[in-house]
Amino acid sequence: MSCPASKAATPDRAGPITCPGPRAPPQPACRAASRRWLPIGGRPPRRGQPPRAAGSIKGRSGVGRRARRGGERSVARARLLASAPWVLGLSVAIHLVVTGCPPVSSLIDLRVYREAAPEVLTGGLYDFRLVDPGDASFPLPFTYTPFAALLFLPLSALPWPVVVGLWQASSLLCLWLLVHSALSLVDSVDPGTRRSAALLWTSAALWLEPVRTTLNYGQVNLFLAASVWTALTRRGAALPGAAVGLAAAVKLTPAVAGLCLVATRRWHAAAWSLATFAATVALGWLAAPEESRRFWFQLLGDAGRVGPVGSAINQSLRGALSRSLGADVGWSLPWWGAVLAVGALAAVAARAALRRDDPVAVVLAVQLFGLLASPVSWSHHWVWVVPALVWLTSAPTRSAVRGAGPVAGAWLLASAGYVVSWLLVAQPSIWEIPRPWPLSALGWAYPACAVLTLVVMATTRRGDRHRARAAEGTTGVRRGAAGPSSDSSPPVSEGPAGGASPS
């Protein structure tokens, strides 16, 4: 057997002689060392420096630094999620301290619910007035339906400390439910991570201005938002429809949720909603016929009876336009033009959300339109900022829409900065509508953020969020109901790995 390099042939102990082939030309030692120790994305080590291990990513290109920062963020995130119960406990403890300070937390609206409810049986429900110790210029009336007064009757039979404890605990539970449900619809993560994230979100949302003022006043907004949200994101007809009807029977503004049922073609649920609302009106009429006649035929539509329309606390389009123009615009042409424009934008946003299977955006588009179009939307009515922030900061939305981050920042600046509370202090009085232009401009805080959110929803395309979900390693999310037979459509629910899947 011949070999071109027979001198280099070596015997193999297990077999015949093998030939290694022609020998490679010699290379300088420094060059061989450079190739052997060249780091990924870097340069050869300088003379006098110890060589790095093969495969090292510690180069001058920054790959190593980015990897280290990513690892550090992952560790910090894991630690934060692990401490979520402690963070929530601390936040709730501070909240309880604040609740015990009457100048900060007057619970004045809860007092109205409790003390005015018995008047529904005596005929003086809408003559009731409760003077706020912090502002005696506007004695507070009972502004809800007679049926709502019937629901509040049990509060008058309980001691005040028990009422406060139950009300606050139930409000916090509704806030957590709102957050947890929104997280389960916008991001596909494992259930343990979602539970911890919901606790952290609840801890932070507790200090946003709409949530904070709702708790300080003892308002009913979190109950209504949680019931409407649960109804619109669950399948079926009877229970979701009845929940929307009951919420509208307490406070008329949640009735806008019926548009969401119509948009998703949940005709049976919409019928249940109308039937439930009609039943509550009939029940209120049987219990208090004179008060029902007075409410439905005299007081309904009188925004001035509810409160000062031009005050900074009214963050509806009517309030913002009135402050900008220096007088109550009422039902004039400027108001109609603004409402029609916002309604068209909300319709485009809801339609785009339906096309990309985004149930959270559908619900938010309808609710934001309701807050903008209502004659009176106090700052504590805007608790829908919480699911809006969850949607804007979710991974699919943040990756698909460049403007989602700035809009979320604007919401945080307006709600966590307590802009409306500062404007209440700065305005001349709650009844004086004309004011300096900086105060009028800042009075658009919530309406402007709502319009920007609708723009983001309308410009997010189906492919954008689907590509973002694929990049994040998540699955798609189906809307709760759509199509002619939507009442039997499968809702969004947690899959075996915590992702969203049809149930």
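Residues numbered from 1 in each chain as written. Predicted model: local features only at pLDDT ≥ 70, side-chain atom pairs only at ≥ 80, totals over all residues. Heavy atoms only, no water.

## Some remarks on the overall build of the chain
Summing up its helical and strand segments, the chain has 24 helices and four strands in all. Taken across its 503 residues, the chain has 48% of its residues classed as buried. (Helix = DSSP H or I, 4+ residues; strand = E, 2+ residues; numbered from the N terminus. Buried < 20%, exposed > 50% of the residue type's maximum accessible area, 1.4 Å probe, protein only.)

## Topic: unusual backbone geometry
Residue Leu107 is not a glycine yet carries a positive backbone phi of 55°. Mapped onto the elements of the fold, Leu107 is located in the loop between helix H3 (84-99) and helix H4 (108-116). Look at Leu107 and you get buried, because its relative accessible area is 5%. Unlike most non-glycine residues, Asp357 shows phi in positive territory, near 60°. Its location among the elements puts Asp357 in the loop between helix H16 (333-355) and helix H17 (359-373).

## Side note on the packing of aromatic side chains
In the structure shown here, the tally under the stated rule is 19 aromatic pairs. Ring geometry for Tyr113 and Trp167: centres 5.9 Å apart, planes at 45°, overall tilted. Placement of Tyr113 in helix H4 and of Trp167 in helix H6 (residues 160-186) is noted, with a sequence separation of 54 residues between them. The pair formed by Tyr113 and Trp167 is uniform in burial state, with each residue classed as buried. Aromatic side chains Tyr126 and Phe142 sit 6.4 Å apart centroid to centroid with 50° between the ring planes, which places their arrangement in the tilted category. In this pair, Tyr126 sits in the loop between H4 and strand E1 (130-132) while Phe142 sits in the loop between strand E2 (135-140) and helix H5 (146-152), placing the two residues 16 residues apart along the sequence. You can call Phe142 buried: its relative accessible area is 1%. (Phe/Tyr/Trp six-rings, centres within 6.5 Å; stacked < 30°, edge-to-face > 60°.)

## Section: the environment of Val211
With respect to the secondary-structure elements, Val211 resides in helix H8 (residues 209-217). The class for Val211 is buried, based on a relative accessible area of 0%. Taking C-alpha positions, Val211 is 8.7 Å from Asn221, a pair spaced ten residues apart along the chain.

## A look at the pattern of salt bridges
Where charged atoms of side chains with opposite charge meet at close range, the side chains can pair. Overall, the coordinates contain four salt bridges when judged by the stated rule. The partner of Glu290 in a salt bridge is Arg293, and the shortest N-O contact between them spans 2.5 Å. In this pair, Glu290 and Arg293 both sit in helix H13 (residues 289-299), three residues apart, roughly one turn of the helix. A salt bridge links Arg318 to Asp328; the nearest nitrogen and oxygen atoms lie 2.9 Å apart. Here Arg318 is found in helix H15 (residues 317-325), whereas its partner Asp328 is found in the loop between H15 and H16, with ten residues between them in sequence. Judged by relative accessible area, which is 7%, Arg318 ranks as buried. (Salt bridge = Lys/Arg side-chain N within 4 Å of Asp/Glu carboxyl O.)

## Examining the nonpolar core
If you look at the biggest cluster of nonpolar residues, it comprises 122 residues, and the most contacted ones within it are Tyr113, Phe142, Phe152, Trp384, Trp391, Trp411 and Leu454. Setting aside residues no more than four positions away along its own chain, Leu454 makes contact with Val342, Leu345, Ala346, Ala349, Ala365, Leu368 and Leu372. (Core = buried A, V, L, I, M, F, W, Y, C linked by side-chain atoms within 4.5 Å. Contact = heavy atoms within 4.5 Å.)

## Some thoughts on the environment of Gly326
Tracing the sequence through the fold places Gly326 in the loop between H15 and H16. Residues Gly326 and Pro436 lie 110 residues apart in sequence; the distance between their C-alpha atoms is 9.7 Å. Beyond its immediate sequence surroundings of up to four residues, Gly326 is in contact with Ile433 and Pro434.

## Things to note about H3
The end-to-end C-alpha separation of H3 is 22 Å, in line with the 22 Å expected for 16 residues at 1.5 Å each. Among all positions of H3, only Ala84, Leu88, Ser91, His95, Val98 and Thr99 are buried. The buried residues of H3 occupy an angular sector of 95° when projected down its axis, which confines them to one face. Away from the buried face of H3 by more than 90 degrees, exposed residues Trp86, Leu90, Leu96 and Val97 are located. (Expected span 1.5 Å × (residues − 1). Arc of directions from axis to C-beta.)

## Here we look at the pairing of E2
Two elements, E1 and E2, share two bridges in a ladder whose sense is antiparallel. Its bridge partner lying in E2, Asp132 is registered against Asp135. A loop of two residues connects E1 with E2, the two strands running antiparallel in sequence. (Pairing = 2+ DSSP bridges.)

## Some details on a nonpolar patch on the surface
A cluster of nonpolar residues, Leu158, Val162 and Leu166, forms a patch on the protein surface that exposes about 230 Å² of accessible area. Within the secondary structure, Val162 sits in helix H6. (Patch = residues over 30% accessible without salt bridge, like charges linked within 9 Å, V, L, I, M, F, W, Y side chains within 5 Å. Areas by Shrake-Rupley, 256 points an atom, 1.4 Å probe, with all protein chains shown as cover.)

## Regarding the confidence of the model for the chain
Atom-level detail of predicted coordinates should not be read off regions where pLDDT is low. Taken residue by residue, the chain gives an average pLDDT of 81. The fraction at 70 or more is 76%. With pLDDT under 50 throughout, residues 4-18 is counted as low confidence; its partners more than four residues away or in other chains account for ten contacts. Every residue in residues 29-42 is under pLDDT 50, and counting partners more than four places away or in other chains gives 18 contacts. (pLDDT = per-residue confidence, 0-100.)

## Notes on the packing of H15 against H16
Where H15 contacts H16, the axes come no closer than 10 Å and their chain directions differ by 135°. As far as their axial angle goes, H16 and H15 are oblique. As for the relative orientation of H15 and H16, their crossing is right-handed in sense. The segment H15 lies against H16, with Leu317, Arg318, Leu321 and Leu325 engaging Pro334, Trp335, Ala338, Val339 and Val342. Classifying every residue of the contact of H15 with H16 by side-chain character gives eight nonpolar, no polar and one charged. (Axes fitted to C-alpha atoms, helices over the stretch in contact; angles between N-to-C directions. Parallel < 35°, antiparallel > 145°, perpendicular 65-115°, else oblique. Left-handed = near helix turned anticlockwise from the far one by under 90°. Nonpolar A, V, L, I, M, F, W, Y, C, P; charged D, E, K, R; others polar.)

## What to know about the side chain of Thr99
Note on placement: Thr99 falls in helix H3. Take Thr99: its relative accessible area is 13%, and that puts it in the buried class. Residue contacts for Thr99: discarding those within four places in its chain leaves Ser105, Val164, Gln168 and Arg212.

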